[in-house]
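Residues per chain are reported as follows:
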Amino acid sequence: MSKNVKDTSDLIRAKAGEAPVSIGLILGSGLGHIADSVDGVSIPYADLPGFPHTGVSGHKANLVIGDLEGVRVAVFGGRSHYYESGKGDAMRVPLEVVKELGATTMVATNAAGSLQADMPTGSIMALSDHINFSGLNPLIGEPTDLRFVPMMDCYDPSIRAAMADAAKAEDVEMHSGVYAWYSGPSFETVAEIKAIKILGADAVGMSTVPEVILARFLGLKAAAISAITNMAAGMSDEAISHEHTKAMAPLGAAKLEKVLRRWLRDQSS
Ligand code: HPA
């Protein structure tokens, strides 16, 4: 364990208490308000050694440790994206810390563009798999053989099934599909969207995949849900911009929150 991970974990325990965390939850653009309803302690990333300095509007850079639906969670109010720093492993220390705090599972949420006509803006999609269209990898440079991480079933099948049950119980339609990671920060071209659709993508976005690779590397179970904020380039006349992403995210966020809360409640009962 690196010194940063040890120091940061000790600092968090000193502020938030010793009780182990069970789930790390990363919130995507415009999806941050779940953090506000956690009954716990909020710590700015700036106070946490090794945490990224996220600068993307729509992201609140706080770690919140506390109770959500009876489960002790660590909520990352913002993530660092590859496009901010050129570093694919910017979320490595935060994920190592959450594991050190006791977490066995990481759940990521994100805003994404849809490649499926029947999955419009405002929909949510559980990731069943991903395509690393960027070709980048957060484990490049990792010196140990642990870097050869198997990625089959990297979106944990039992969590996916439990989340699908939670969505049904809440009467929320939750799609399931393949997410393509495109590095950003520019959005995709129409030709790129056509290409990844042929390759099997259902949604596209600029995050999550590095975190899922890191989570699997660390032995954490992983799950992720997208809130669809727009149809991908060339699929509709809808605007594609960061402003539009932030404005549309709350549509999916309300559904996503219902599913996550139900899933957490099901575990704690
Ligand atoms: N492409 C990439 N990332 C995104 C999109 C998109 O269309 N929408 C929200 N995040």
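Further up the page is the structure itself.
Only a predicted model underlies this, so the values are computations on that prediction, with no experimental measurement involved.

### As for the overall build of the chain
Phase 1: If you tally the helices and strands in the chain, you get 7 helices and 9 strands.
Phase 2: On C-alpha atoms alone, the chain measures out to a radius of gyration of 17 Å, which is about the 18 Å that the 2.2 N^0.38 rule sets for 269 residues.
Phase 3: By principal-axis analysis of the C-alpha atoms, the chain measures approximately 50 × 45 × 35 Å.
Phase 4: Buried positions account for 52% of the 269 residues belonging to the chain.

### Here we look at the pairing of strand S5 (residues 105–114)
Phase 1: S5 sits mainly inside the fold: 10 of its 10 residues count as buried.
Phase 2: Two elements, strand S1 (residues 23–26) and S5, share 4 bridges in a ladder whose sense is parallel. When the sheet's bridge partners are listed, glycine 24 is paired in S5 with methionine 106.
Phase 3: In the sheet, S5 pairs with strand S8 (residues 203–205) via 2 bridges, with the strands oriented antiparallel. Each bridged residue has a counterpart across the sheet, and for serine 114 the counterpart in S8 is alanine 203.

### So, the pattern of salt bridges
Phase 1: Enumeration over the complete set of coordinates arrives at 12 salt bridges.
Phase 2: One salt bridge in this structure joins arginine 261 and glutamate 257, with 2.9 Å as the shortest N-O distance. Remark: glutamate 257 and arginine 261 occur in helix H7 (residues 242–268); sequence separation between them is 4 residues, near one turn of the helix.
Phase 3: According to the relative accessible area criterion, glutamate 257 is buried, its value standing at 13%.
Phase 4: One connected set of salt bridges, linked through shared partners, spans Lys6, Asp10, Arg13 and Glu100.

### Some details on the site of the ligand
Phase 1: Near the ligand the following residues occur: Ala111, Ala112, Gly113, Phe187, Glu188, Val204, Gly205, Met206, Thr229, Asn230 and Thr245.
Phase 2: Within the backbone of alanine 111, an N or O atom sits 3.3 Å from a nitrogen atom of the ligand.
Phase 3: Asparagine 230 is positioned with one of its side-chain polar atoms (N or O) 2.6 Å from a nitrogen atom of the ligand.
Phase 4: Residue assignment for the shell around the ligand shows that the elements contributing at least two residues are S5, S8 and strand S9 (221–231).
Phase 5: With 3 residues, S5 is the largest single contributor of residues to the shell around the ligand.
Phase 6: Split into classes, the residues belonging to the shell around the ligand amount to 5 nonpolar, 5 polar and 1 charged.

### Topic: the packing of aromatic side chains
Phase 1: Tallied over the entire structure, the rule returns 4 aromatic pairs.
Phase 2: With a centroid separation of 5.2 Å and 70° between ring planes, the pair formed by tyrosine 45 and phenylalanine 51 is classed as edge-to-face. Note on accessibility: tyrosine 45 and phenylalanine 51 belong to one class, buried.
Phase 3: When the centroid spacing of 6.3 Å and the interplanar angle of 20° are considered together, the rings of phenylalanine 133 and tyrosine 182 count as stacked. Here the residue phenylalanine 133 occupies a position in the loop between strand S6 (124–131) and helix H4 (157–169), and tyrosine 182 occupies one in the loop between strand S7 (174–181) and helix H5 (190–199), the gap between them amounting to 49 residues.
Phase 4: Owing to a relative accessible area of 32%, phenylalanine 133 belongs among the partly exposed residues under this scheme.

Rules of the game
- Per chain, residues are indexed from 1 in the order of the written sequence.
- Restriction of local features to residues with pLDDT of at least 70 applies here, the model being predicted, together with a cutoff of 80 or more for giving and counting side-chain atom pairs; totals for whole chains, interfaces and linings are based on all residues.
- The side-chain numbers reported here are obtained from all heavy atoms of the structure, hydrogens and water having been left aside.
- In this description a helix means any DSSP run of H or I spanning at least four residues, a strand means any run of E spanning at least two, and both kinds are numbered starting from the N terminus.
- Atoms counted for the radius of gyration: C-alpha only. Globule rule: 2.2 Å times the number of residues to the power 0.38.
- Residue burial is assigned from relative accessible area. The probe radius is 1.4 Å, only protein chains are included, and a residue is buried under 20% of its type maximum, exposed over 50%, and partly exposed in between.
- DSSP bridges decide pairing: two strands pair if at least two such bridges lie between them.
- Put simply, a salt bridge is a Lys or Arg side-chain nitrogen that is within 4 Å of an Asp or Glu carboxyl oxygen.
- In this text, near means that some heavy atom of the residue lies within 4 Å of the molecule or strand in question.
- Polar contacts, as used here, are pairs of N or O atoms within 3.5 Å; protein pairs need one atom able to donate a hydrogen and one able to accept it. Residues neighboring in sequence count only if both atoms are side-chain atoms.
- Think of it as three bins: nonpolar holds Ala, Val, Leu, Ile, Met, Phe, Trp, Tyr, Cys and Pro, charged holds Asp, Glu, Lys and Arg, and polar takes everything else, Gly as well.
- Put simply, two rings from Phe, Tyr or Trp (the six-membered ring, in Trp's case) pair if the centres are within 6.5 Å, and we call them stacked under 30 degrees between planes, edge-to-face over 60, tilted for the rest.

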